[in-house]
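Coordinate inspection notes
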Amino acid sequence: MQASPQGKAPAQAGALVISIDAMGGDLGPAATLGGIAKAARANPELRFIVHGPREQLEPLIAQHGLGERIDLRHAERVVTMEDKPAQVMRSGKDTSMWSAIESVRAREADVAVSCGNTGALMAVSMLRLRKIPGVNRPAIASFWPSRGPAGWNVMLDMGADVKADAEDLLTYALMGSSYARNALGLETPRVGLLNVGTEEHKGRAELKEAHELIRNAESAGGLKFVGFVEGNELAGDRADVIVTDGFTGNVALKTGEGTAKFVSSLMKEALTSTLLAKLGALLAMGALKKLQAKVDPRRANGGVFLGLNGTVVKSHGSADATGFAAAIELAARLAKSGFGAKLAARVASALPSGQDVATGADPAPENSESSQ
């Protein structure tokens, strides 16, 4: 398969074009192409520019019957999980990751999706797309299962930068609320600042300063600031957006993932330990399946890089086809909503609240293809 002579994606009127780094994940291109196939069946308007070694990708594209939906861009090299971000920035031009970001920079695609090395992806994205005015440090935002009205909370930063001063935390609040508004349909997202206590006198100096800055930005940011929140409220219903620095956010994310796996294994052991337990599990099968679906990380797969001149979605490195399809679906919804322009306007600040219009959507819609 050859790229079109003009270098454009095989688009139709009204189509959304997604740039895909097909390499770099733990499960290889079979998972990413499987995810593309699932997303393509669920979303007829999607077209894809897929980047990676031609000899590996052509058979998979043919296997899934995606030839009419994909523009294949040959990229000889792959960014591995061991590659250093600085190394990729210096010599990564012929990698699938670089090529995928370049398609967004050239405005051939609306958004890019990759499950590759997070540090390298952020470095290349910053280098090629650049930061939007007003953003000092971009952030990674992820969904967190919660008891909130949308069923999910937004948390950022999840590891783009381990540091964050008061102005950065204010920017995270503005970007996170814009993301919640457009991805979750929340007209006035409630923003909480993660701290070791809820009292205003607690925490580091930058947290106290950020508290004041965010409170003063409520009107311009189209948000409601609920003050400090603690770690036990990450999945609660007090805040829709949780703001913190990348070090704390990444530790919280990994702790949450590890705890979920631990509890799941304990539950499995308990429900299979005796014949009576197995009978009880059979009777509760419906409720258990609902619980499994709620905490299934594949449904909310996709951390979004916020603060760049272009939208980039980072899929989990271990994502299977279902998880990668969820990341593509998230990317498509953000592109369709015009999220990038709305976020930039919100950060530019003091624009009227009507600048972002809620577009409401579950981060992982239930459908026959992507919820299996």
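The structure contained in this document is the topic of the report that follows. Source: prediction; values computed, not measured.

A look at the side chain of Ser19
- One can find Ser19 in strand 1 (residues 16-21).
- You can call Ser19 buried: its relative accessible area is 0%.
- Within the local environment of Ser19, its side chain forms a polar contact with the side chain of His51, the two groups lying 2.9 Å apart.
- Engagement of the side chain of Ser19 in a polar contact is seen with the backbone oxygen of Ala100, the distance being 2.8 Å.

A short note on the packing of aromatic side chains
- Evaluated as defined, the whole model comprises 3 aromatic pairs.
- Ring geometry for Phe143 against Trp152: centres 6.2 Å apart, planes inclined by 55°, an arrangement best described as tilted. Here the two residues Phe143 and Trp152 agree in accessibility, since each one is buried.
- Taking the centre distance of 5.5 Å and the plane angle of 25° together, the rings of Phe143 and Tyr179 count as stacked. Of the two residues, Phe143 sits in strand 5 (residues 139-145) while Tyr179 sits in helix 6 (residues 166-184), which places them 36 residues apart along the sequence. Grouping residues by exposure puts Phe143 and Tyr179 together as buried.
- Cluster of aromatic residues (ring-pair linked, three or more members): Phe143, Trp152, Tyr179 and Phe339.

Things to note about the nonpolar core
- The biggest cluster of nonpolar side chains holds 67 residues, and the ones touching the most others in it are Ile36, Phe48 and Tyr179.
- Sorting elements by how many residues they give to this core places helix 6 first, with 11 residues.
- Those residues within four positions of Ile36 in sequence are excluded, and the remaining contacts are Ile20, Phe48, Val50, Leu66, Ile70, Phe324 and Ile328.
- The next biggest cluster of nonpolar side chains, apart from the first, holds 29 residues, and it includes Val88, Ile101, Leu121 and Val124.

Regarding the pairing of strand 3 (residues 70-74)
- Of all the 5 residues making up strand 3, 4 are buried; the element is thus mostly covered by neighbouring parts of the structure.
- In this structure, strand 2 (residues 46-52) lies alongside strand 3, joined through 5 bridges in parallel fashion. Following the sheet pairing, Gly52 is matched in strand 3 by His74.
- In terms of handedness, the path from strand 2 via helix 2 (residues 54-63) over to strand 3 forms a crossover that is right-handed.

Things to note about the pattern of salt bridges
- Inspection of the entire model under this criterion finds 15 salt bridges.
- A salt bridge links Glu212 to Arg215, with the shortest nitrogen-to-oxygen separation between them at 2.4 Å. With a gap of 3 residues between them, Glu212 and Arg215 both fall in helix 7 (residues 205-216), about one helical turn apart.
- By relative accessible area, Arg215 is classed as partly exposed at 33%.
- Arg238 is the salt-bridge partner of Glu233, the closest N and O atoms lying 3.4 Å from each other.
- Among the residues examined, Arg238 registers a relative accessible area of 30% and is labelled partly exposed.
- One salt-bridge network, held together by shared partners, links Asp71, Arg73 and Glu108.

The rules behind these values
- Residues numbered from 1 in each chain as written.
- Predicted model: local features only at pLDDT ≥ 70, side-chain atom pairs only at ≥ 80, totals over all residues.
- Heavy atoms only, no water.
- Helix = DSSP H or I, 4+ residues; strand = E, 2+ residues; numbered from the N terminus.
- Buried < 20%, exposed > 50% of the residue type's maximum accessible area, 1.4 Å probe, protein only.
- Polar contact = N/O pair within 3.5 Å; in protein donor to acceptor, adjacent residues only side chain to side chain.
- Phe/Tyr/Trp six-rings, centres within 6.5 Å; stacked < 30°, edge-to-face > 60°.
- Core = buried A, V, L, I, M, F, W, Y, C linked by side-chain atoms within 4.5 Å.
- Contact = heavy atoms within 4.5 Å.
- Pairing = 2+ DSSP bridges.
- Right-handed = clockwise from strand over helix to strand, strands pointing away.
- Salt bridge = Lys/Arg side-chain N within 4 Å of Asp/Glu carboxyl O.

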